Amino acid sequence: MRKIPVYIHPAAGWPALIASTRTLMDYKAFLRGSISVLHSNQPKDGFDCPGCAWPDHKSHKTIDVCENGIKVIASETMNRRADAAFFAKNTLTALRGWSGYELEHSGRLSEPLYYDADQDRYLPISWQVAYEVIAEQLKQLDSPDEALFYTSGRVTNEPAFMFQLFVRCFGTNNLPDCSNMCHEPTSVMLGKQLGIGKATVILEDFEQAKLILLFGQNPATNHPRMLEMLAHAHKQGCRIISINPMREQGLSKFRNPQKPSHMAAGQSDEMVDEVIQIQIGGDAALLTGIAKWLTKNGKINNDFIEQHTSGYDELDAWLRQQSWTDVELGCGISKAEIITLAKLVADSPATICTWGMGITQHVQGEDNVAMITNLLLLMGMIGIDGAGASPVRGHSNVQGDRTMGIHERPKQSLLDSLERVFKQPMPQEDGLDVVTGAKALIKGDIKAFISMGGNYAVAAPDKSAIQTALTSTQLNVFVATKLNETMLYPGKNNLILPCIGRTERLITVKGEQFATIEDSMCQVVPTRGRLEPISNTLKSEAQIVADMATHVLGADSSIPWQAMSADFDVVRDYIAQAIEGFENFNQRIRAAERGFHLYHSARHRVWNTESGKAQFEVPKYPITYVATQMRQTTSNYQNNSVNNHTLDIRQPAEQKVWQLTSVRSHDQFNTMIFGFKDRYRQTDRRDVLFMHPDEMSRLGWQKGDQVMVSRQDSQNARRTLGPLILTEMDIAANAVATYYPECNDLLDLDSHAPDSKTPAYKSVTVLLEHLEQGSIATAV
Ligand SMILES: Nc1nc2c(c(=O)[nH]1)N[C@H]1C(S)=C(S)[C@@H](COP(=O)(O)OP(=O)(O)OC[C@H]3O[C@@H](n4cnc5c(=O)[nH]c(N)nc54)[C@H](O)[C@@H]3O)O[C@H]1N2
Ligand SMILES: Nc1nc2c(c(=O)[nH]1)N[C@H]1C(S)=C(S)[C@@H](COP(=O)(O)OP(=O)(O)OC[C@H]3O[C@@H](n4cnc5c(=O)[nH]c(N)nc54)[C@H](O)[C@@H]3O)O[C@H]1N2
Ligand SMILES: [Mo]
């Protein structure tokens, strides 16, 4: 086996701090940004970091921030402005040639803008006229369902609550959200199985866990503050196993930036004991193997199963039907290795399963989550200390936005309580999610697109089709802090409404306001910006929602929109009445420094499910789903007489059919591209295709060579991506990886998990074509 150059330094530590300080410099945000960093995740007078949703560590007295957070803060606190002068210089046609990186660096949006088609430019517009345009266009729709209201998970609780209320009073549940592309399979399945679609663990559980199974997650890049917890757990003797097609280098060693002595002494902590290099899309198969062995050998918690669960017999019957051959074929891991893992699970008195996008973003995303929950239930690992389900959310308030009612399929209880509190009828029909919304847009059924943050067209599959569709609407409105590509495809009326960011002070006629967020572990915490807003023309998201509501719904709306936007206590009083778990919200958020934990029924072994018990679920798809897809593609490929080798999933012959997955670097936050480096994966470009060097040798290819990636989409059209530069990576055979979002036009909207509709971003069957030998260097 050829040796792969590995990143030998501990994750986080000095390189991370140097990299992030450089980011502050690059953004010319050093002063504003540095002041902000000191206030990040500080309970009393700071703001919740606008980066990821990992909870604050309670023990921190000094700064609690990471490389990731610093970069996100630098992006928001930059001094440069994308203002009228900027748009006077750049037409939309010109801006469409800019990369995500260039758009991100163009500056903060600092005044309301409308698109002028004659000049092909964004020009300034007054807030008043902008609202009048919105009201006029929305009122002209034949039905409220012709409008789509997207939310990205940066928005704090108070404006999120107001936004969903406005949208429902307007008359639709068309509230797609970035969760639809993210942890929706988690929310759907945990909801079904445990009665609540959220993590059952709290931070303290990580201190008591004896085994942590980390499925499809890359915290070194995406949740760096989680590393501290993992390193700590590991030090206490907890075994940590990463189940991932990639050996993510950032997970092997960790240097703690919160401990200056640690940094100075060059110390580092080990974290992951082992990496199970699973086939892409193989998690349900692996978990099936583990569950098979545990049930067959009587290693399960019968008392818990008897007392607390339903559906065990169906699961057991299904497990018996699954052959070890299929298990091995489905995950690419040998039976012997799976049994070793099963024994670890059997011997652990406290197991946490933690997971990310490697689990959810597949056609079998819901099956993967179901099998993780099944495993926890088989072992009785819910409702005890040091154990449980730990889905790790992405955006800092993506979980809170859902709790606040941003949901295209609201629970009846939410609609009923909104009607009770606000004495208004609420729409009863389910609305559109990201995928069905995009399809409706493309079909021409959506006439107005309003987004509360985010970069819808670029984050979703089928980017070009969505962008084209956006040019045929009557109205597009973007409430945002930064310019991005979705804003470059204007509808007939097209508005950018710039808002105050999380780091900025919010002062209203009622004085300074703080907002709240809910982290990945159900902790509701206050957040208070400290900086002067980049421009005094900006409005808060709450104010923008209130103004839109006032203009659209008119004077007869009995809801005090303006009072809410001026005084967040008023919003919180309504939230307390309308949203379960938020009783006495204003009092409780002030009572403790770091807010409060929302009641989580499953932690107390109370099961709010249909059966009243925790529910075992049998997967919908065959555990060989991905392997079968590859076989089918291979045989189509063979029929085209290009290749006549057969596919063996573990020991591939010279096939050129691959599973492509998409990943993130530490120089991006989703579609916001801060830079081109990925220290851990040792590249300084983003147009790369990661492949195992053994696989390159097998094909006679070399690192630095150029390849084209292609696939037949659901309409049998050929989609291509590339040329990409081959880059060495310790990644499973049959698997290749590239960066999101550049690959999103390769994907279509038909490939998604069945119920949650989360796109299969992590498993795309592709063909690779070798273009030319080259020696393009990608190493840092
Ligand atoms: N720096 C930075 N931080 C971020 C973000 C960012 O873009 N940049 N985004 C934020 C958001 S919104 C989110 S949702 C989170 C995402 O955080 P993560 O969940 O960590 O997301 P990804 O990097 O997309 O993918 C995670 C891992 O899944 C693995 N994987 C791919 N396919 C499979 C598979 O079939 N099985 C298994 N077991 N693993 C697989 C990949 O190799 C990768 O290591 O991060 C948040 N934090
Ligand atoms: N191929 C592939 N595609 C994916 C994924 C993947 O792993 N692979 N991951 C998916 C996931 S997990 C997610 S969450 C989505 C992300 O999808 P989105 O959440 O839609 O995308 P972001 O890039 O986070 O949005 C960035 C934009 O948000 C705006 N913004 C930033 N801060 C604020 C603020 O405070 N207020 C307001 N109003 N606007 C603000 C800025 O204009 C910025 O350009 O992408 C999904 N797409
Ligand atoms: Mo996400």
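Our subject is the structure listed above.
Since the structure is predicted, the reported quantities are computational estimates derived from the model, not experimental observations.

K.L.:
Report on the pattern of salt bridges, specifying residues and quantitative values.
P.N.:
The final tally for this structure, using the stated rule, is 34 salt bridges. The shortest N-O distance in the salt bridge between Asp569 and Arg572 comes to 2.8 Å. Placement of the pair is Asp569 and Arg572 together in helix α28 (residues 568–578), with a separation of 3 residues, close to one helical turn. Measuring nitrogen to oxygen at the nearest pair gives 3.0 Å for the salt bridge that ties Arg590 to Asp569. You can see Arg590 sitting in helix α29 (residues 585–591) and its partner Asp569 sitting in helix α28, a full 21 residues away along the chain. Its relative accessible area of 22% is what places Asp569 among the partly exposed residues.

K.L.:
How would you sum up the site of ligand 1? Please name residues and give values.
P.N.:
Lining the immediate surroundings of ligand 1 are 31 residues, of which Glu248, Gly281, Asp283, Gln668 and Asn670 lie closest. One of the side-chain nitrogen or oxygen atoms of Asn222 is found 2.8 Å away from an oxygen atom of ligand 1. In this structure, a nitrogen atom belonging to ligand 1 sits 2.7 Å away from a main-chain N or O atom of Gln668. When isolated, ligand 1 has an accessible area of 920 Å², and the protein chains bury 99% of it. The set of elements that each furnish at least two residues to the shell around ligand 1 consists of α11 (219–222), α19 (357–360), β24 (657–663) and β25 (668–669). Partitioned by chemical class, the residues of the shell around ligand 1 number 8 nonpolar, 19 polar and 4 charged. Here the shell around ligand 1 spans two domains, since at least three of its residues come from each of domain 3 (197–391) and domain 4 (625–779).

K.L.:
I'd love a proper account of the nonpolar core, names of residues and values included.
P.N.:
Leu138, Phe161, Phe163, Phe166 and Trp561 are the most contacted members of the largest nonpolar core, which has 70 residues in total. Examining the composition of this core, we find that 9 residues originate from one element, helix α8 (residues 157–170), more than from any other. Setting aside its immediate chain neighbours within four residues, Phe166 contacts Leu138, Phe149, Val545, Met548, Ala549, Val552, Leu553 and Trp561. Residues Leu95, Tyr122, Ala438 and Tyr489 belong to the second largest nonpolar core, which totals 58 residues.

K.L.:
Give me the packing of helix α23 (residues 434–443) against helix α25 (residues 463–470): which residues, what numbers.
P.N.:
Closest axis-to-axis distance for the α23/α25 pair is 8 Å, and the angle between their directions is 55°. One element, α23, and the other, α25, form an angle in the oblique class. Crossing of α23 against α25: the hand is left-handed. From α23, Ala438, Leu441 and Ile442 reach across to α25, where they touch Ala465, Ile466, Ala469 and Leu470. Grouping the constituent residues of the contact of α23 with α25 by class yields 7 nonpolar, no polar and no charged.

Criteria and cut-off values
- Position numbers for residues start from 1 in each chain and track the written sequence from start to end.
- As they are written, the chains are lettered A onward and the ligands numbered 1 onward, keeping that order.
- In keeping with the predicted nature of the model, local features appear solely for residues at pLDDT of at least 70, side-chain atom pairs appear and are counted solely at 80 or more, and the whole-chain, interface and lining totals rest on all residues.
- Each side-chain value is worked out from all heavy atoms of the structure, with water and hydrogens disregarded.
- Whenever Lys or Arg places a side-chain nitrogen within 4 Å of a carboxyl oxygen from Asp or Glu, that contact is recorded as a salt bridge.
- Per the convention used, a helix needs a DSSP run of H or I reaching at least four residues, while a strand needs a run of E reaching at least two, with both numbered from the N terminus.
- When accessible area is computed with a 1.4 Å probe and restricted to protein chains, residues below 20% of their type maximum are described as buried, those above 50% as exposed, and intermediate ones as partly exposed.
- What makes a residue near a molecule or strand is one non-hydrogen atom of that residue sitting within 4 Å of it.
- Throughout this description, a polar contact denotes any pair of N or O atoms lying within 3.5 Å of each other; where both atoms belong to protein, one of them has to be capable of donating a hydrogen while the other can accept it, and for residues adjacent in sequence the pair is counted only when both atoms sit in side chains.
- Using the Shrake-Rupley algorithm and a 1.4 Å probe, accessible areas are obtained, with residue cover drawn only from the displayed protein chains.
- The residue classification treats Ala, Val, Leu, Ile, Met, Phe, Trp, Tyr, Cys and Pro as nonpolar and Asp, Glu, Lys and Arg as charged. All others, Gly included, are polar.
- Delimitation of the domains relies on an automatic or database domain assignment.
- Residues grouped as a nonpolar core are buried Ala, Val, Leu, Ile, Met, Phe, Trp, Tyr and Cys residues, joined through side-chain atoms within 4.5 Å.
- In what follows, a contact means two residues having at least one pair of non-hydrogen atoms within 4.5 Å.
- As a rule, the C-alpha atoms of each element are fitted with a line to give its axis, helices using only the stretch in contact, and angles between N-to-C directions run from 0 to 180 degrees.
- By definition in this entry, angles of less than 35 degrees are roughly parallel, angles greater than 145 are roughly antiparallel, angles of 65 to 115 are roughly perpendicular, and the rest are oblique.
- Crossing chirality is assigned from the near helix's rotation relative to the far helix, an anticlockwise turn below a right angle marking it left-handed and a clockwise turn marking it right-handed.

As far as function goes, none of this settles anything; it's purely spatial.
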